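So the chains spell out like this:
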Amino acid sequence: MDFTAQPKPATALCGVVSADGKIAYPPGVKEITDKITTDEMIKRLKMVVKTFMDMDQDSEDEKQQYLPLALHLASEFFLRNPNKDVRLLVACCLADIFRIYAPEAPYTSHDKLKDIFLFITRQLKGLEDTKSPQFNRYFYLLENLAWVKSYNICFELEDCNEIFIQLFRTLFSVINNSHNKKVQMHMLDLMSSIIMEGDGVTQELLDSILINLIPAHKNLNKQSFDLAKVLLKRTVQTIEACIANFFNQVLVLGRSSVSDLSEHVFDLIQELFAIDPHLLLSVMPQLEFKLKSNDGEERLAVVRLLAKLFGSKDSDLATQNRPLWQCFLGRFNDIHVPVRLESVKFASHCLMNHPDLAKDLTEYLKVRSHDPEEAIRHDVIVTIITAAKRDLALVNDQLLGFVRERTLDKRWRVRKEAMMGLAQLYKKYCLHGEAGKEAAEKVSWIKDKLLHIYYQNSIDDKLLVEKIFAQYLVPHNLETEERMKCLYYLYASLDPNAVKALNEMWKCQNMLRSHVRELLDLHKQPTSEANCSAMFGKLMTIAKNLPDPGKAQDFVKKFNQVLGDDEKLRSQLELLISPTCSCKQADICVREIARKLANPKQPTNPFLEMVKFLLERIAPVHIDSEAISALVKLMNKSIEGTADDEEEGVSPDTAIRSGLELLKVLSFTHPTSFHSAETYESLLQCLRMEDDKVAEAAIQIFRNTGHKIETDLPQIRSTLIPILHQKAKRGTPHQAKQAVHCIHAIFTNKEVQLAQIFEPLSRSLNADVPEQLITPLVSLGHISMLAPDQFASPMKSVVANFIVKDLLMNDRSTGEKNGKLWSPDEEVSPEVLAKVQAIKLLVRWLLGMKNNQSKSANSTLRLLSAMLVSEGDLTEQKRISKSDMSRLRLAAGSAIMKLAQEPCYHEIITPEQFQLCALVINDECYQVRQIFAQKLHKALVKLLLPLEYMAIFALCAKDPVKERRAHARQCLLKNISIRREYIKQNPMATEKLLSLLPEYVVPYMIHLLAHDPDFTRSQDVDQLRDIKECLWFMLEVLMTKNENNSHAFMKKMAENIKLTRDAQSPDESKTNEKLYTVCDVALCVINSKSALCNADSPKDPVLPMKFFTQPEKDGVQWHDLGSSQPLPPRFK
């Protein structure tokens, strides 16, 4: 029953009255006029309402009878009545009249119809108060209007839109949470019939619906939002075109004046999409158009909107609208930074809600992970880690790989986010095993990668790795047994580089503990200038181990001042770094010191933060006696086969071996924690095992920790001694070395013990059985080095009669003539291995004596030089294989380098011997070059070798293998950096500049290159190019900075050499000519690469007298006298 197809009202019915000209009222109802009271009017109207309620459309007589009354009720008197009850009753009557007379309304005037419907609409506001006594009557009004679809009659009115807008606004304003579903249903029926049965929805009417979706309105009245939502869903087919037109006007044509809601278009699109994506079928292409806008801010707004649409949980927009999705992905590469940032932020929600889109996102995130903007790279990490923490299956290996790359980002904020994110993933999936073994396996690489970062130079990186280790890899707050189990299996599963990094971390922390201990010792001494100077140096060293060393210096000085004034604080700190401090005590100490230094009035206290950094680095939060005991028990279980090794993904053998290695490392940093009979009993058990590595590690642990065994644990001592003797005589070479050192370190009667090993070994040496020689030679060499006073003389006869005469000067076996330059260790003949150990024995013997009174060092150096000259075949009988010759050349070169570390032997190494040693770095065998360069670098960075040995790296420019050249360059950078830093940190070092200042390597390099066997003709252009390459290889690194006018200083050195002669052959004109030619090439390089080299040198350089004669007094250059020729024009 409705007015949908209603014809125009019939005029026959209009104005009908009763025969006597009066209005007919229902029985019992008197006339209703303005003459009666309001109460009486209400009473009579109620009876009228009742009458109309009971009537139906079939009551033709009644309809005719009450038509005048119907017209009367629509008069101005009732429509404008001030009493709301009167108005309500009239509205109910009118609603029933429309029902009864449908489909023909009794009102002919369009103006009257408009007034009536606006009047009825106004009465609907009474629906707002559900507790009103009249609410049921208001509900009846609504129900009647909805059922009959009375408002549809308004379609015939020209200004029907005004009525509909008023109706919609009224209904949306009155709906509230006290209404039941029936109220909402009738409202929906009423409004949806208007939308679906009309000719279209005007913009104003659409606005009256859409305004309820705007966040501000939505938050004020959720029921109106819900009503609008359901209405739009119900009318989607009809209203979609109107919505499309609205957005087209605003988005494409830019006509924002068409609606007051124009500024909320993106909010509206989001809400409409959530309601029903079909509402926006025609709008999505318009968004694609907007994504390509020239206005960055506009693109940003669209990206924000689409991010919500694509990312929402149930959205299938990316699948349904691929062109829009591809266009959106293109915004990841937008020129506008905020757009790229917003795109990256979206990826996190998308990965979590739509894993199927991960493949599309991966390539774009890859590019953004290298974005020039720090914030974007940072957010890429946050995006991936957030998704991975939700569910690891949401991110593929490629995405995790992007985070892995960013751990080496140039910006600290990005590196930190990447490292912390990976640490959280490791703890969640590996430590806690939240997603099973497969997930744990997927991120098992994280532990290694995080520890590798400890190799970075930045102190911030190192500190963060330490923090991650303590909180995520091996959480320090776990109970001791659980914590040690975590450490035990972590150590067993790390790759070799990660193990080295972890060992280095413990070493650095231990070193810092030592510095703090020494600082506290200085506080105990009386104040003096020397004490203050030493304290200052110690504070600077400690500051270098903290973030931002520049600021840290001030904080460390302040902390030192507090330590000087507060004895209790000093005692707390002493307890913290005490070797006997337990993990629990350490935790209490750290909190107590922090509490004392805290300032309640200063919430952010940089000083306190810096002190906390220091305390965290030195506090033993993982290892104490209880922890070592727990580790030993775990290892015992692995030995017995009762441990969880296989479950943890580690074989028992690996667990035992790595467990011993772990204990060995900890024995260096926490020796006191090992001192218990139980621990040593377990180590003795390891000594009896067949695994050589395990036994070797156990011996070293005894060596590092057993200082009190002799006095406190006699039973352990009596068991240990025979085992050490046996290992020194018949163990592996490494075991023999450790056994000798262990005896020397922990026993008071070491002379007797060592003699009991030395005498039988020295008597039983037999060159005919070389495989049985290696261990005795190792033991004898180390004994003579550790106790030279006792064994130097008896060793001399062993060296002369057996080592040199019987072993080195004889070739008993014939090597394989396979042409190989190198063979694996297991394929090297026992005789050559014995000869290598014999060479090492000579060096150890000499290093023990530390003097050359017997001229033994000269003889040894001549022997080593002869071995290098003969290319490893000392006897020159050509019975030895190429690979064995390589081993012996390496041993000889390394031996000379080792002797050069002792000043008394460095003095007697001639320039020729030095040059022979240097040429090993150009050996034809790759492995010889590689190992020699590593040994050279290791000795140089520890400042053990004289500066001239750094010149050897210049020869690496000729290495045919790129990676060897790169390694040598890194070695040079490291060495130069260490020497410059050492000079800065040690004021006294200025007295030794000749041996420390990196620039002083230039004269050694020039002399070495002048004597390069490949440099035979000083006018040969190709040879000169090689010389130039070697010079630039070194000078490039030296000239990176012009510190203290160093470019001019190096130029001055090269010029001064030309005023001298070659001390190696002062009277040979060809030798001097080559020397001056190299100087000319060096000057050519320096002049061409630096504009600052022509400045005055800050001081006159000193040239080493061992390589150059004194300059000529008259300042005449030797090449001016005809002993040198200008460089060839082609070379220049």
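Trainee: Can you help me understand the overall build of the chain in this one?
Mentor: Regarding its fold elements, the chain presents 55 helices and zero strands. Its C-alpha radius of gyration of 47 Å places the chain more than 25% over the 32 Å reference for a compact globule of 1132 residues. Reported as C-alpha extents along the three principal axes, the dimensions of the chain are approximately 160 × 80 × 70 Å. When the 1132 residues of the chain are sorted by exposure, 53% land in the buried category. Of the contacts formed within the chain by residues at least 6 apart in sequence, a portion of 73% connects residues at least 24 apart. Carbon together with sulfur atoms contributes 50% to the accessible area of the chain, which is approximately 51,100 Å² in total.

Trainee: Help me out: how do you make sense of the nonpolar core in this one?
Mentor: The nonpolar side chains of a soluble globular protein tend to be buried, and buried together. Counting 349 residues, the largest nonpolar core has Leu94, Tyr151 and Phe247 as the members making the most contacts within it. At 13 residues, the largest contribution of residues to this core is made by helix α5 (residues 84-101). Setting aside its immediate chain neighbours within four residues, Phe247 contacts Val252, Val265, Leu268, Ile269, Leu272, Leu280, Val283 and Gln286. Counting 34 residues, the second largest nonpolar core, distinct from the first, contains Leu519, Ala543, Leu614 and Ala619.

Trainee: Whenever I open this one, the packing of helix α18 (residues 322-330) against helix α20 (residues 358-368) confuses me. Can you help?
Mentor: When two helices pack together, their arrangement is given by the angle between the helix axes and the distance between those axes. Their axes nearest at 10 Å, the elements α18 and α20 cross at an angle of 20°. When the axes of α18 and α20 are compared, the pair comes out roughly parallel. For the pair α18 and α20, the sense of crossing is right-handed. Contact with α18, carried on its side by Arg322, Trp325, Gln326, Leu329 and Gly330, involves Asp360, Leu361 and Tyr364 of α20 and no other residues of that element. Of the residues contributing to the contact of α18 with α20, the split by class is four nonpolar, two polar and two charged.

Trainee: For this particular structure, what's the right way to read the packing of aromatic side chains?
Mentor: Here a ring pair, both rings aromatic, is described through the centre-centre distance and the interplanar angle of the planes. Under the counting rule described, the total for this entry stands at 19 aromatic pairs. Seen from their ring centres, Trp325 and Phe346 are 6.2 Å apart, and the 70° between their planes marks the pair as edge-to-face. You can see Trp325 sitting in helix α18 and its partner Phe346 sitting in helix α19 (residues 337-353), a full 21 residues away along the chain. An aromatic cluster of at least three residues, connected via ring pairs, comprises Phe310, Trp325, Phe328 and Phe346. Between the NZ or CZ atom of Lys462 and the centre of the ring of Tyr454, over which it lies, the distance is 4.9 Å. Its end group placed over the ring of Phe607, Lys558 keeps NZ or CZ at 4.4 Å from the ring centre.

Trainee: What is the right way to look at a positive patch on the surface in this model?
Mentor: Residues Lys507, Lys737, Lys840, Lys898, Lys935, Lys938 and Lys942 make up a contiguous surface patch of positive charge. Mapped onto the fold, Lys938 is located in helix α49 (residues 926-941). A relative accessible area of 52% places Lys938 in the exposed class.

Trainee: Is there a simple way to think about the side chain of His378 in this case?
Mentor: If you trace the backbone, His378 turns up in helix α21 (residues 374-390). Accessibility expressed as a relative area gives 10% for His378, which makes it buried. There is a polar contact of 3.4 Å between the side chain of His378 and the side chain of Arg413. Those residues in contact with His378 that lie beyond four places of it in its chain are Arg413, Val414 and Glu417.

Trainee: What should I look at first to understand the packing of helix α42 (residues 774-786) against helix α44 (residues 830-849) in this one?
Mentor: Axis separation between α42 and α44 bottoms out at 8 Å; the angle between their running directions is 5°. It follows that α42 is roughly parallel to α44 by the angle criterion. Side by side, α42 and α44 meet where Ile774, Leu777, Val778, Leu780, Gly781, His782, Ser784 and Met785 of the first sit next to Pro830, Leu833, Ala834, Gln837, Ala838, Leu841, Arg844, Trp845 and Gly848 of the second. Across the contact of α42 with α44, the residue classes break down as 11 nonpolar, five polar and one charged.

Trainee: Would you explain the environment of Pro620 in this entry?
Mentor: Within the element layout of this structure, Pro620 appears in the loop between α33 (606-618) and α34 (625-640). Pro620 sits in the buried class, given a relative accessible area of 6%. Distance in space between the C-alpha atoms of Pro620 and Ser582 is 7.2 Å, their sequence separation being 38 residues. Every residue in contact with Pro620, bar those within four places of it in the chain, is listed here: Arg513, Leu576, Cys581, Cys583, Ala586 and His670.

Trainee: Looking at this model, I keep getting lost on the pattern of salt bridges. Mind explaining?
Mentor: Where side chains of opposite charge bring their charged atoms close, a pairing between them can arise. Applying the stated rule across the entire model yields 49 salt bridges. With a closest N to O distance of 3.2 Å, Asp226 and Lys222 form a salt bridge. Residue Asp226 and its partner Lys222 are located together in helix α12 (residues 222-234), separated by four residues, close to a single helical turn. A salt bridge links Asp768 to Arg812; the nearest nitrogen and oxygen atoms lie 2.8 Å apart. Separated by 44 residues along the polypeptide, Asp768 in the loop between α41 (750-763) and α42 and Arg812 in the loop between α43 (788-808) and α44 bring together distant segments of the chain. For Arg812, a relative accessible area of 31% puts it in the partly exposed group. When salt bridges with common partners are traced through the structure, they connect Glu76, Arg80 and Lys112 into a single cluster.

Trainee: Whenever I open this one, the side chain of His354 confuses me. Can you help?
Mentor: Positionally, His354 belongs in the loop between α19 and α20. Owing to a relative accessible area of 7%, His354 belongs among the buried residues under this scheme. A polar side-chain atom of His354 sits 3.1 Å from the main-chain carbonyl oxygen of Phe310. Not counting residues up to four positions away in its chain, the partners in contact with His354 are Phe310, Gly311, Ser312, Lys313, Ser315 and His349.

Trainee: Got a minute to help me understand the environment of Gly731 in this structure?
Mentor: Structurally, Gly731 is set in the loop between α39 (714-730) and α40 (733-746). C-alpha of Gly731 to C-alpha of Gln223: the two residues are 508 residues apart in sequence and 87 Å apart in space. In this view, Gly731 contacts Gln726 and Thr775; residues no more than four positions away in its chain are not counted.

Rules used in this analysis
- Residues numbered from 1 in each chain as written.
- Predicted model: local features only at pLDDT ≥ 70, side-chain atom pairs only at ≥ 80, totals over all residues.
- Heavy atoms only, no water.
- Helix = DSSP H or I, 4+ residues; strand = E, 2+ residues; numbered from the N terminus.
- Rg over C-alpha atoms; globule rule 2.2 N^0.38 Å.
- Buried < 20%, exposed > 50% of the residue type's maximum accessible area, 1.4 Å probe, protein only.
- Contact = heavy atoms within 4.5 Å.
- Areas by Shrake-Rupley, 256 points an atom, 1.4 Å probe, with all protein chains shown as cover.
- Core = buried A, V, L, I, M, F, W, Y, C linked by side-chain atoms within 4.5 Å.
- Axes fitted to C-alpha atoms, helices over the stretch in contact; angles between N-to-C directions.
- Parallel < 35°, antiparallel > 145°, perpendicular 65-115°, else oblique.
- Left-handed = near helix turned anticlockwise from the far one by under 90°.
- Nonpolar A, V, L, I, M, F, W, Y, C, P; charged D, E, K, R; others polar.
- Phe/Tyr/Trp six-rings, centres within 6.5 Å; stacked < 30°, edge-to-face > 60°.
- Lys NZ or Arg CZ within 6 Å of the ring centre and 35° of its normal.
- Patch = residues over 30% accessible without salt bridge, like charges linked within 9 Å, V, L, I, M, F, W, Y side chains within 5 Å.
- Salt bridge = Lys/Arg side-chain N within 4 Å of Asp/Glu carboxyl O.
- Lys, Arg positive; Asp, Glu negative; His and termini not counted.
- Charge placed at Lys NZ, Arg CZ, Asp CG, Glu CD.
- Polar contact = N/O pair within 3.5 Å; in protein donor to acceptor, adjacent residues only side chain to side chain.

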